[in-house]
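Listed below, chain by chain, are the residues.
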Amino acid sequence: MSASGGTKAIVAALAANLAIAVAKFVAFLFSGSSSMLAESVHSLADSGNQGLLLLGGKKAKREATPQHPFGYGRERYIYAFLVSIVLFSVGGMFAVYEGYEKIKHPHAIEAWYWPVGVLVFAIIAEGFSFRTAIAESNQTRGKLTWTQFVRRAKAPELPVVLLEDFGALVGLVLALGGVGLALGTGNGVWDGIGTLCIGILLIVIAIVLAAETKSLLLGEAAGIEDVDKIRASVVDGDTVTRIIHMRTLHLGPEELLVAAKIAVRAEETAAEVAEAINAAETRIREAVPIARVIYLEPDIYDEAAAAAGANPGKVPGGTGSADDTPTSDGTESPGGGASSGEAASADGTAPSGSTPSDGGAPSDGSAPSGGTPTESGH
């Protein structure tokens with residue numbers, strides 16, 4: 001997902017929400033409609049949310065530092081999570097409170113043409129913003145359904161704007177219904193019921209956003225298509241014969257870390273192995289350009305030794321698979337074959353001469369025996 005596409009949708013939503021917030025608040029002052037007050041606060045909260053998304057995008061562009069060697073790409077996830085909190089507290093809870101108060105103490109709506117006119121204007125403006133978000137999302141959505149797109153998108157901006165705009169449109173319809181019923185029946189309770197429904201809707205959307213951004217903050221693997229491309233790029237059938245195990249992690253929406261233990265032929269020299277690793281890295285970056293940080297650790301794979309290891313169920317010949325394969329929801333299933341140096345003893349320690357590894361460089365940054373992990377740009 002391009003940053004420019006996300007920014008365009010955010011700016012369109014920000015402009016629409018600021019105009020709508022002012023119009024709704026004016027309508028509340030003239031009519032006394034609690035639905036209008038709830039909707040004006042909702043639009044104001046949405047405007048603040050778009051500001052948070054823009055701020056997160058700007059901060060995420062900072063260069064990596066020694067204290068943050070993988071950069072600041074996840075800043076975008078943090079600010080998207082803050083959006084869900086603001087939407088829940090300022091938008092949803094406030095609307096629920098206003099709805100409860102209006103139901104408890106109803107009063108007639110004055111100057112009905114103000115709220116009705118503003119709601120019609122707001123629906124048109126929100127529709128424009130929603131249309132922009134849909135158009136930008138369609139450029140990257142591919143064949144995914146809208147639910148799959150919201151759940152699997154690694155860049156949070158467009159899913160956030162889509163859900164916000166969708167919630168705003170539904171909320172406007174609820175507000176219009178509440179105002180219309182209050183005017184038609186002369187009972188202000190309907191205005192309060194509409195406000196209460198708006199609050200519940202915003203809380204549900206906020207919970208969905210919080211759950212999705214929490215998953216991104218915890219760290220998600222690459223998508224299934226990207227994982228398949230990486231696997232196909234690593235193995236050359238000559239020096240690199242297989243992937244023993246592999247891990248991927250999004251450091252940000254447009255930055256991917258790839259760490260893998262690869263099997264090389266025992267007769268290859270160190271120079272040949274290093275050349276094969278460099279070639280594999282080049283192929284990975286050509287296939288998946290966002291794979292910017294790559295660690296490849298060479299090892300000698302021995303299927304007989306692997307099957308005799310501490311957990312043969314995770315290697316060929318056992319009940320598991322040799323590789324870590326993402327499932328349909330994008331997560332990686334446990335697994336991974338063992339090399340001849342991974343036949344761990346019962347206490348979990350590696351036997352003499354082996355190099356324990358989780359697919360990347362050792363914690364002290366030194367190179368493991370027989371190979372040199374490399375990193376993009378170094």
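Residues numbered from 1 in each chain as written. Predicted model: local features only at pLDDT ≥ 70, side-chain atom pairs only at ≥ 80, totals over all residues. Heavy atoms only, no water.

**Side note on the overall build of the protein**
Line of reasoning, step 1. Each helix and strand in the protein was counted, giving 10 helices and 3 strands.
Line of reasoning, step 2. The N-to-C order of helical and strand elements in the protein reads α-α-α-α-α-α-α-α-β-β-α-β-α.
Line of reasoning, step 3. Per-residue burial for the protein yields a buried fraction of 45% across its 378 residues.
Line of reasoning, step 4. Long-range contacts, defined here as pairs at least 24 residues apart, represent 73% of the contacts in the protein between residues at least 6 apart. (Helix = DSSP H or I, 4+ residues; strand = E, 2+ residues; numbered from the N terminus. Buried < 20%, exposed > 50% of the residue type's maximum accessible area, 1.4 Å probe, protein only. Contact = heavy atoms within 4.5 Å.)

**Points about the nonpolar core**
Line of reasoning, step 1. Among the nonpolar cores identified, the biggest contains 40 residues, and Leu53, Leu87, Leu119, Val160, Val161, Ile205 and Leu209 are the most heavily contacted of them.
Line of reasoning, step 2. Those elements that provide at least two residues to this core are helix H1 (3–31), helix H2 (34–59), helix H3 (75–104), helix H4 (113–141), helix H5 (146–152), helix H6 (157–185) and helix H7 (189–218).
Line of reasoning, step 3. By residue number, the principal contributor to this core is H6, which donates 10 residues.
Line of reasoning, step 4. Excluding residues that lie within four positions of it along the chain, valine 160 makes contacts with Leu53, Ala80, Val83 and Leu209.
Line of reasoning, step 5. Listed in part, the 21 residues of the second largest apolar core include Ala222, Ile230, Val234 and Ala280. (Core = buried A, V, L, I, M, F, W, Y, C linked by side-chain atoms within 4.5 Å.)

**Quick look at the pattern of salt bridges**
Line of reasoning, step 1. Under the defined criterion, the tally for this structure stands at 10 salt bridges.
Line of reasoning, step 2. Close ionic contact of arginine 151 with glutamate 212 constitutes a salt bridge, the shortest N to O distance being 4.0 Å. In this pair, arginine 151 sits in helix H5 while glutamate 212 sits in helix H7, placing the two residues 61 residues apart along the sequence.
Line of reasoning, step 3. Overall, arginine 151 belongs to the exposed group, its relative accessible area being 53%.
Line of reasoning, step 4. Classification of glutamate 212 as buried rests on a relative accessible area of 19%.
Line of reasoning, step 5. Each member of the salt-bridge network shares a partner with another, and the members are Arg76, Glu157 and Glu254. (Salt bridge = Lys/Arg side-chain N within 4 Å of Asp/Glu carboxyl O.)

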